[in-house]
Amino acid sequence: MIGRLLLVCRLAVRDLRRRRTETALLLLAVMAATTTLTLGLVLRDAAGDPYRSTREATHGPDVIAGADRPAPLSDLQKLTGVTDHGGPYPVAAAKFQASGRTSDVQAVGRDSAAASVDQPALTEGSWVSDGGVVVEAAFAGAFGVRVGDPVTLDGRSFEVVGVAVSAAMAPYPSGSCLVAQGCINGPMSADTPEGLLQNPGLVWLTQKDVRSLDPDHLTYVTNLRLADPDDAQTFVDAHRSGGTRLQSWQSVLEDATELAKDSQILLMIGAWLLGLLAVASLSVLVGGRMADQHRRVGLLKAVGGTPGLVAAVLLAEYVLVAVLATAAGLTAGTLAAPLLTESSAGLLGAASPPPMTLSTIVLVTAVALGVAVAATVVPAVRAARVSTVAALADSPRPPRRVGSLIALSARLPVPLLLAVRVAARRPRRVALGVLSIAITVSGIYVLLVLNAFLTSQPLAGGYGDAQVEVLRRVLLAWTVLLLSLAAINAVVITWTTVLDNRHASALTRALGASPRQVSTAMAAAQVLPALAGAVLGVFPGGFALFAAINTITGGDSGRATLPAPWQLLTLVLATVLVVAALTAVPARLGARRPVTETLQGG
C-alpha cells in the first residue's frame, strides 16, 4: 500500500514539474479562493484586538447600565457578583457645534478624579474641568476637533481640553444610546419619531456642567465590574427591567467590530464566487490536460496500471496543488487580515494577525480539496476508462457535426463560421466560459452598488470616514482577485481551445484559411460566450447576488442606488472588449505554428 502511494505521488509530482506554467495557474486559482475564505474567517478576531487593548487600558466595565433615575442603578451596584462600580453619572442630550458643523451628542458628567471602572484614556490634552469638554476620539476625528478649539453645547461655549477613548461605548458613529428619548443611526424619514438623537457623538463634562445643560431631562449611567466578566451577558439578561437599560461588554465589542462583520460577509461571498471561478478554471485546465495526456494514460495501462491507479495519479496532481494552495492561502489571509480592519481613532492599538484555529484550517482545506476534486474527478475517471489501444493511438478527437449548426454557420464570414464550429465542439467548455464571465460580472455589479452606497450615504450604514475607507479596501481586494482570476480563466480557456483544435485549425489553413482568420476565430469563440455571460451576469446574476447579500445582512435594498442603464451597458461592452484583448495573444500564438509541423507532429 505504501509503495503504491509513493508511486502515485512520484508520478504526480513529475507531471506537475513538467508543466510548470499550468501548475502555477492552478495554484493561483485555488489560492485566490483560499486566501479570501481565510480572510473572511479570521477578520473579526483580528478586528477585536484594538477593543480589547482599549478595555484593558481604560479599566473597561463589564456591564453598562442606564436609567432615568439614580436609585435603580444604585441597587444594581449592591448585587452579588458586582465587585466595583463607577457612577451613577448624569447624562444629557445636547446640540454640539464646531467649525460651522452641528451634531447631536450625549454629554456624560464625570468627576475630575480618575474612576476605578471606565476611566477614558486620553489621547490628547487633559481630563474634564469646569468649562472644558473632552471629546470621544472617533467623533473628534470626524469633526476635525482638536484640543484648544472652541465649541458650543446647546449654545453654551466650552473649550476642548482633551480627546479620549473608552471601552464603555463603541466608537462613533456606532455608539450606544444613553438618553431616554432614544437615538437613530442613519437618515431621518417621515416615519421617524420626533426628538430622537441622530448619529449622536459622545463627550464628557464635569457633572456640574452636564446638570446645567438640561436639568429637567437628565438620565443616568453606571459602569459595573463583575467577579467574572464572562458572565456579563447572563447578568444583563437576569436584571434587565422596563426602567433599566443594560449592555454587556460583549455587546459593545459586537458594536465595535460591526464593520469587520460587514467586511467578513463581503469576503465570504467573494470567497464562494472565487471558489466557483476556481472550479471553472480547473475544469478547463484539467480537461485540456487530460486530452493532451491520452498517450501517457495508455502507457500507464500498458505497463500494468489499473484504471484505479491511473485515476489516482491524475487526481493526486490536483490534490497536491490544492494542499499547497491551502497552506499559501491560510498564510496570506492571516497576514493580510490586519490590513482590512479599521485603524479606528476611537480605540487603542492595532489589529494583529489572529491565531490560526483548527476549525479555520479544516474548513479552508476542505474547500480547496473540494474545488480540486469537483473539477478533476469526472475527467480523471473518464480518462482512466479509455481503452489502452485508443489511448496509445492518441488520435485527434473527431468534431461533433450538427446539421442545423452547419447550415447556419455556412452563411457567416469565415472567422465567425470557424468560431461557431470551434465552440460547438466543446459545449461544456463554452458553458464554463459563460459561467466564469457571469460570476465576474455579477460580482462587479454588486461592487458598483456598494460603492455608490458608500459614496452617497455612508452614515446610513453607520460608517464614518475611516470605516468607509476600510470597506473600500475590502471591495478593492475583492475586485482585484475576482478580475485576476477571471482574466486567468479567459486566457486558459483560449489556450486550451487552441491546443485542442490544433489539428482542425491546421487542416483549415491547409484548405485556404489565413492565420489571421484562424486566430480571429479562436478569439471570437471566447468573445461570444463572454457576451452571453456578461448579459447573464447583469440580469439575473447581479440582481440575485445583491438580493442574497441583502438577505444575509438584513440590509434595506430600498436605500441602495442601482447602476444606471448606461453603466450596465458599459459594463457589458467593457467585458467583451477585455476578453477580446486577453484572448487575442494566445489565439495569435497558436495560429503561428506551421501547418506541416502540426499535421506531421500530431
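Computed from a prediction, not measured in an experiment: that's the story for all the values here. (Residues numbered from 1 in each chain as written. Predicted model: local features only at pLDDT ≥ 70, side-chain atom pairs only at ≥ 80, totals over all residues. Heavy atoms only, no water.)

1. Some thoughts on the pattern of salt bridges
At step 1: Within this structure, the stated rule accounts for four salt bridges.
At step 2: The shortest N-O distance in the salt bridge between D62 and R55 comes to 2.5 Å. For the pair shown, D62 and R55 are each scored as buried.
At step 3: The partner of R110 in a salt bridge is D118, with the nearest N and O atoms 3.4 Å apart.
At step 4: With relative accessibility at 3%, the residue R110 sits in the buried group.
At step 5: On the basis of relative accessible area, D118 is assigned to the buried category, the value being 3%. (Salt bridge = Lys/Arg side-chain N within 4 Å of Asp/Glu carboxyl O. Buried < 20%, exposed > 50% of the residue type's maximum accessible area, 1.4 Å probe, protein only.)

2. Observations regarding the state of the cysteines
At step 1: Applying the stated criterion across every chain, the model contains one disulfide.
At step 2: Two residues, C177 and C183, share a disulfide whose sulfurs are 2.2 Å apart. Handedness of the C177-C183 disulfide follows from its S-S torsion of about 75°: it is right-handed.
At step 3: Taking relative accessible area as the criterion, C177 reaches 29% and is therefore assigned partly exposed.
At step 4: Accessibility expressed as a relative area gives 25% for C183, which makes it partly exposed. (Disulfide = S-S within 2.5 Å.)

3. Points about the side chain of D118
At step 1: Mapping D118 onto the fold places it in the loop between β3 (101-110) and β4 (121-125).
At step 2: Non-local contacts of D118, meaning those with residues more than four positions away in its chain, are made with T58, H59, P61, R110, S166, A167, A168 and N223. (Helix = DSSP H or I, 4+ residues; strand = E, 2+ residues; numbered from the N terminus. Contact = heavy atoms within 4.5 Å.)

4. Quick look at unusual backbone geometry
At step 1: A cis amide bond links G87 with the next residue in sequence, P88, at an omega value of 10°.
At step 2: In this structure, P88 sits in strand β2 (residues 82-98).
At step 3: In this model, F539 is joined to P540 through a cis peptide bond whose omega is 10°.
At step 4: Of note in this structure, S99 is not a glycine but carries a positive phi near 55°.
At step 5: As for its placement among the helices and strands, S99 is situated in the loop between β2 and β3.
At step 6: Owing to a relative accessible area of 66%, S99 belongs among the exposed residues under this scheme.
At step 7: Of note, the phi angle at D118 is positive, near 55°, even though the residue is not glycine.

5. Some details on the packing of aromatic side chains
At step 1: According to the stated counting rule, one finds seven aromatic pairs in the structure shown.
At step 2: Look at W127 and W204: their rings are 6.0 Å apart centre to centre, the planes differ by 50°, and that puts the pair in the tilted class. With W127 in the loop between β4 and β5 (132-136) and W204 in strand β10 (residues 201-206), the pair connects residues that are 77 residues apart, well separated along the chain.
At step 3: For W204, a relative accessible area of 2% corresponds to the buried category.
At step 4: Through a chain of ring-to-ring contacts, three or more aromatic side chains come together here, namely F96, F139, F143 and Y172.
At step 5: In this arrangement the basic side chain of R55 is found over the ring face of W249, its NZ or CZ atom lying 4.4 Å from the centre. (Phe/Tyr/Trp six-rings, centres within 6.5 Å; stacked < 30°, edge-to-face > 60°. Lys NZ or Arg CZ within 6 Å of the ring centre and 35° of its normal.)

6. Comments concerning helix α6 (residues 232-239)
It helps to recall that an α-helix has 3.6 residues per turn; residues three or four apart then point in one direction.
At step 1: Along α6, the residues that are buried comprise A232, F235 and V236. All buried residues of α6 fall inside an arc of 100° around its axis, so they share one side. Turned more than 90 degrees off the buried face of α6, the exposed positions are T234 and A238. (Arc of directions from axis to C-beta.)

7. Regarding the environment of A140
At step 1: Inspection of the secondary structure assignment puts A140 in helix α4 (residues 137-143).
At step 2: Sequence-distant contacts of A140, that is, excluding residues within four places in its chain, are made with V135, V145 and V163.

8. With respect to the pairing of β3
At step 1: Of all 10 residues in β3, eight are buried, a share of seventy percent or more.
At step 2: For β2 and β3, the ladder comprises eight bridges, and the chain directions are antiparallel. If you follow V91 over to β3, its bridge partner there is V108.
At step 3: When β3 meets β10, the two strands line up parallel, connected through six bridges. Within the sheet, the bridge partner assigned to A107 lies in β10 and is V203. (Pairing = 2+ DSSP bridges.)

9. Some remarks on the environment of R52
At step 1: As for its position among the elements, R52 is in helix α2 (residues 20-57).
At step 2: Between the alpha carbons of R52 and L253 there is a distance of 8.4 Å; along the sequence they are 201 residues apart.

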